[in-house]
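Here is how the chains run, residue by residue.
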Amino acid sequence: MDDSSTGSGEAFTDWHDVARRVLAETSNRTGNHPKIIGISGSQGSGKSTLAKILVGHLIQGGAKAEAVSLDDFYLTQAERVTLAERVHPMLRTRGVPGTHDTDWLRGVMADVKAGSNLITLPEFDKAVDDRSGQRQVACDVLVLEGWCLGVEAQSDSALVEPVNNLEREKDPDGQWRRWVNTQIRARYTRLWPAVDFWLQLQPPGFEQVVQWRRQQEHQLAQGVRMDEQDLRRFIEHYERLTRWQWACGPRMPGLHIGLNAQHGVDRVRVV
């Protein structure tokens, strides 16, 4: 493992430094260059910003690169309403495994790996909480970012106790979290081997997740912005698996990127 920290060794001052490190690490590896680069991190950690900057650097290096968010693969609002009626009311809220179109995502990943000329990607509009269309792109490198990218299923014993008020009040018998866990095991873990290189962004604590997600919300128009109570309840849907991913550690090969409370990069570690 290589370790570079702000203040000792090589300093990483912004996402451009991280992007350059990614290109250096991937170009030094034997075999083919990565076709799929995965960026995993909690809400508000900077995944989409890093993805956009990384794509820019890849294009400058001669690649045809595109970025897409796991969020773009959310099921439509109508599909989630049906899930809420048939399985559990909490599935009306987008976010957790089971609320994505994993068949579409698996097809996209397979197309990229096969070198297809055109890839069809969905688009999701969070302001209206629904899919807004799709786009066709030509790419030989796909940067895929998502808050639960790389997530693994938990043990049955880990699901017994609620992790927050949302689970205590809305999922007291654990039906929702068991169903989500089953979806991870059946539909998500089989996707992760297609990712060639991983970036995991980790804040110092969950309080930063709330703070940074609040900052994102304040960038939306007043009429579609969640109030503080709704925002905290929304974030609680993500808390269990966010903490679980931190406990599991980073996927390999890739970079583990430690963030500080000021949203800066403290440490970049090769894994």
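Just so it is clear, the structure is predicted and the values come from calculations on it, not from any experiment.

Student: Can you walk me through the overall build of the chain in this structure?
Tutor: Of regular secondary structure, the chain possesses 8 helices and 9 strands. A globule of 271 residues ought to have a C-alpha radius of gyration of about 18 Å, and the chain, at 18 Å, matches this closely. Across its three principal axes, the chain shows a C-alpha extent of roughly 50 × 45 × 40 Å. Looking at the chain as a whole, 50% of its 271 residues qualify as buried. Here the analysis covers contacts within the chain between residues at least 6 apart in sequence; of these, 73% occur between residues at least 24 apart. When the accessible area of the chain is evaluated, it comes to approximately 12,500 Å², of which 47% is carbon and sulfur surface.

Student: Looking at this structure, how should I read helix α8 (residues 228–248)?
Tutor: Note on helix geometry: an α-helix contains 3.6 residues per turn, so any two residues three or four positions apart are oriented the same way. If you check α8, its first and last C-alpha atoms are 30 Å apart, about what 21 residues at 1.5 Å a residue would give, namely 30 Å. Its maximal kink placed at Y238, α8 deviates by approximately 45°. Among all positions of α8, only L231, F234, I235, E236, H237, Y238, E239, R240, L241, T242, Q245 and W246 are buried. Against the buried residues of α8 lie β2 (36–41), α5 (165–170), α6 (175–188), β7 (197–202) and α7 (206–217). Count one or two residues on from α8 and you reach G249, which has phi positive near 85°.

Student: So what exactly am I meant to see when it comes to the side chain of D101 here?
Tutor: Structurally, D101 is set in the loop between α3 (77–86) and α4 (102–114). Buried within the structure, D101 lacks any salt-bridge partner; R131 is the closest side chain of opposite charge, at an N-O distance of 4.1 Å. Discounting chain neighbours no more than four positions away, the residues touching D101 are F73, L75 and R131.

Student: Whenever I open this one, the pattern of salt bridges confuses me. Can you help?
Tutor: It is possible for side chains of opposite charge to pair when their charged atoms get near one another. Inspection of the entire model under this criterion finds 21 salt bridges. Of the charged contacts in the structure, one is a salt bridge between R135 and E123, with a shortest N-O distance of 3.8 Å. One end of the pair, R135, is in strand β5 (residues 130–137); the other, E123, is in strand β4 (residues 119–125), with 12 residues separating them in the sequence. Given a relative accessible area of 30%, E123 falls into the partly exposed group. Of the charged contacts, one joins R177 and E167 as a salt bridge, the two residues approaching to 3.8 Å between their closest N and O atoms. In this pair, R177 sits in helix α6 while E167 sits in helix α5, placing the two residues 10 residues apart along the sequence. For the pair formed by R177 and E167, the shared burial category is buried.

Student: How should I be thinking about the packing of aromatic side chains in this particular structure?
Tutor: The way to describe two aromatic rings as a pair is by their centre distance and the angle between their planes. The tally for this structure, following the rule as stated, stands at 7 aromatic pairs. Judged by centre distance (6.4 Å) and plane angle (55°), the rings of Y188 and W192 are tilted. Considering the side-chain rings of W192 and W198, the 6.3 Å spacing of their centres and the 80° angle between planes classify their relative orientation as edge-to-face. Across the pair, exposure class does not vary: W192 and W198 are buried alike. Here the aromatic residues W147, F234 and Y238 are joined through ring pairs into a cluster of three or more.

Student: Teacher, can you tell me more about the pairing of β7 here?
Tutor: The two faces of a sheet get side chains in turn, since along a regular strand they alternate between them. Counting buried residues in β7 gives 5 out of 6 residues, a clear majority hidden from the surface. Sheet topology places β2 next to β7; 5 bridges connect them, and they run parallel. Within β7, the position partnered with I39 by the bridge is L199. In this structure, β7 lies alongside strand β8 (residues 254–259), joined through 5 bridges in parallel fashion. Each residue of the ladder has a partner; that of Q200, found in β8, is H256.

Here is what the cut-offs are and how they apply
- Residues numbered from 1 in each chain as written.
- Predicted model: local features only at pLDDT ≥ 70, side-chain atom pairs only at ≥ 80, totals over all residues.
- Heavy atoms only, no water.
- Helix = DSSP H or I, 4+ residues; strand = E, 2+ residues; numbered from the N terminus.
- Rg over C-alpha atoms; globule rule 2.2 N^0.38 Å.
- Buried < 20%, exposed > 50% of the residue type's maximum accessible area, 1.4 Å probe, protein only.
- Contact = heavy atoms within 4.5 Å.
- Areas by Shrake-Rupley, 256 points an atom, 1.4 Å probe, with all protein chains shown as cover.
- Expected span 1.5 Å × (residues − 1).
- Bend = angle between axes of the 7 residues up to and from the residue.
- Lys, Arg positive; Asp, Glu negative; His and termini not counted.
- Salt bridge = Lys/Arg side-chain N within 4 Å of Asp/Glu carboxyl O.
- Phe/Tyr/Trp six-rings, centres within 6.5 Å; stacked < 30°, edge-to-face > 60°.
- Pairing = 2+ DSSP bridges.

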